[in-house]
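Observations on the three-dimensional arrangement
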Amino acid sequence: MPTTTSRRAAVAASTPDTAPAVKKDRTHYLYIAVIVAVALGITVGLVAPDFAVELKPIGTGFVNLIKMMISPIIFCTIVLGIGSVRKAAKVGAVGGIALGYFMVMSLVALGIGLVVGNILEPGTGLAVTDAVKNAGHAQIDAEAKDTTEFLLGIIPTTFVSAFTEGQVLQTLLIALLCGFALQAMGSVGQPILRGVEHIQRLVFRVLAMVMWAAPIGAFGAMAAVVGSAGVDALKSLAVLMLGFYVTCLLFVFVVLGTLLRLVAGLNILTLFKYLSREFLLILSTSSSESALPRVIAKMEHLGVSKPVVGITIPTGYSFNLDGTMIYMTMASLFVADAMGTPMAVSEQIPLLLFLFVASKGAAGVTGAGLATLAGGLQSHKPALVDGIGLIVGIDRFMSEARALTNFAGNAVATVLIGTWTKEIDRERVDQVLAGHLPFDEKTLLDHAEDEPVAEIPEQGGEKELAKA
């Protein structure tokens, strides 16, 4: 890997006047257009809210375009990564460390939300009407699964149903099995690995084309969010919203930033600058899934090995939901205060631990944050469900912070786990974050458009497939 890095650096240094400029120009205008579209969406949402709500399908359509790319990208990434790793135990170690880390950080996020929520007490003094009660009960998702059903649901019905149904964890399981099988096949599996790499190039190129629809999707999504919430809802629930945003910022920059500095020696602001376009995409669509394919490509480009990226990020999107943990904590306390039945700490902790487990069972459910909260309260403390309707109006605005925090947590987790497992090229990380090795927005891959795919070594590499 260092040899490849040095070669790429030499190529970049030898052509300073051409390569970076060609890659930067068009995408630079694309993301300026996204910012303009977000501003226009907010304006339309405030001026003509009824019309703005009708634009919601535009944003939904763009997010669905991104989601259709998630399963094939995860499959290709994991199969290529594991299929070329010599020792299977290394992949198991990555998965074990990742799950352990996810559980710990989820509990930390719950703890921070608990402290801030008890200090602010944002729900005190609000009135719960019959309309609010009905809105709260409407949020209970009948399709939400308990933890046992969730775990069994990881196993797909057929080999290809994981791809057709868009289930991330089912795709992860199929990809792991295929990767280990190709690893065991040795040289016989080389033609298959080469074929998967060609498919990966195709899928990433399609994704790069889809991204040009981002401004249209951002406009529709933002207009619908602003139009449906309204200014009155924002004013009356400003304390909860601002408290939630501040809590998320504290978690990201204090907890995650400190961990990243101590473990990997990196500045979190530098990492976020590298991922700025992904943050913008999430902000404009209210969905962290819209950035999942891009963050996989970008973390590989950063210097984290394919197995670590392929296992950590898809798993994290179901198990490492730090923003959702904070949201459920503060929202639970808010609802309890609004209902005039504030909970003592001895009541809060069992409820939050229950929601912690329930969030894993509801992973992948549309509107998972609010649906999980409503379903959890219905099962553990039914009287509080009546107050859920109070936050329905601002839930989409809070989902922005949820999605951004979840994304930040998974990006940092990938670097940390790569560092702990020694599956990260620190020299390359420094070069990428310094801007010496720019990300190829055209192909979303490290190798150039006209560069041939390299032959895969007979015995496989320790970390990733050799590139030409």
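Definitions and limits used
- Residues numbered from 1 in each chain as written.
- Predicted model: local features only at pLDDT ≥ 70, side-chain atom pairs only at ≥ 80, totals over all residues.
- Heavy atoms only, no water.
- Helix = DSSP H or I, 4+ residues; strand = E, 2+ residues; numbered from the N terminus.
- Buried < 20%, exposed > 50% of the residue type's maximum accessible area, 1.4 Å probe, protein only.
- Contact = heavy atoms within 4.5 Å.
- Areas by Shrake-Rupley, 256 points an atom, 1.4 Å probe, with all protein chains shown as cover.
- Patch = residues over 30% accessible without salt bridge, like charges linked within 9 Å, V, L, I, M, F, W, Y side chains within 5 Å.
- Salt bridge = Lys/Arg side-chain N within 4 Å of Asp/Glu carboxyl O.
- Phe/Tyr/Trp six-rings, centres within 6.5 Å; stacked < 30°, edge-to-face > 60°.
- Core = buried A, V, L, I, M, F, W, Y, C linked by side-chain atoms within 4.5 Å.
- Axes fitted to C-alpha atoms, helices over the stretch in contact; angles between N-to-C directions.
- Parallel < 35°, antiparallel > 145°, perpendicular 65-115°, else oblique.
- Left-handed = near helix turned anticlockwise from the far one by under 90°.
- Nonpolar A, V, L, I, M, F, W, Y, C, P; charged D, E, K, R; others polar.
- Polar contact = N/O pair within 3.5 Å; in protein donor to acceptor, adjacent residues only side chain to side chain.

Here we come to the overall build of the protein chain. Regarding its fold elements, the protein chain presents 22 helices and zero strands. Here the protein chain, with 468 residues, has 53% of them falling under the buried criterion. Contacts in the protein chain between residues far apart in sequence, at least 24 positions, make up 84% of those at least 6 positions apart. Accessible area of the protein chain: about 19,300 Å², with a carbon and sulfur share of 66%.

The next subject is a nonpolar patch on the surface. Judged by side-chain polarity, Y29, I32, V36 and L40 come together as a nonpolar surface patch covering roughly 400 Å² of accessible area. Relative to the helices and strands, I32 resides in helix α2 (residues 19-47).

With that out of the way, let us pick up the packing of aromatic side chains. This structure, assessed with the given rule, holds seven aromatic pairs. Consider the rings of F253 and F272, whose centres lie 5.9 Å apart with planes at 75 degrees: the pair is edge-to-face. One end of the pair, F253, is in helix α13 (residues 238-264); the other, F272, is in helix α14 (residues 268-274), and 19 residues separate them in sequence. Centroid distance F279 to F407: 5.0 Å. Interplanar angle 85 degrees. Geometry classified as edge-to-face.

To continue, consider the pattern of salt bridges. Tallying each qualifying case throughout the model produces four salt bridges. As a salt-bridge pair, K298 and E278 come within 3.2 Å of each other at their nearest N and O atoms. One end of the pair, K298, is in helix α16 (residues 292-302); the other, E278, is in helix α15 (residues 276-285), and 20 residues separate them in sequence. Relative accessible area serves as the criterion here: at 4%, K298 is assigned to the buried category. Relative accessible area serves as the criterion here: at 0%, E278 is assigned to the buried category. With a shortest N-O distance of 3.5 Å, R426 and D430 are connected by a salt bridge. Taken as a pair, R426 and D430 lie in helix α22 (residues 426-433) at a separation of four residues, close to a single helical turn. Overall, R426 belongs to the partly exposed group, its relative accessible area being 32%. Bridged by salt links that share partners, the residues E278, R294 and K298 form one connected network.

Here we come to the nonpolar core. Membership of the largest hydrophobic core comes to 118 residues, with the highest contact counts inside it found for L260, L275, L302, V412 and V415. Look past the residues within four positions of L302 in its chain and what remains in contact with it is L271, Y274, V415, D425, R428, V429, V432 and L433.

Relative orientation of the contacting elements helix α10 (residues 190-210) and α16 amounts to 120 degrees, with a least axis distance of 11 Å. Classified by the angle between their axes, α10 and α16 sit oblique to one another. Viewed along their axes, α10 and α16 form a crossing whose handedness is left-handed. Contacts from Q200, F204 and L207 in α10 reach P293, R294, A297 and E300 in α16. In the contact of α10 with α16, the residues fall into four nonpolar, one polar and two charged.

At 3.2 Å, the side chain of K298 and the side chain of E278 are in polar contact. Beyond its immediate chain neighbours, meaning those up to four positions away, K298 contacts Y274, L275, E278, F439 and E441.

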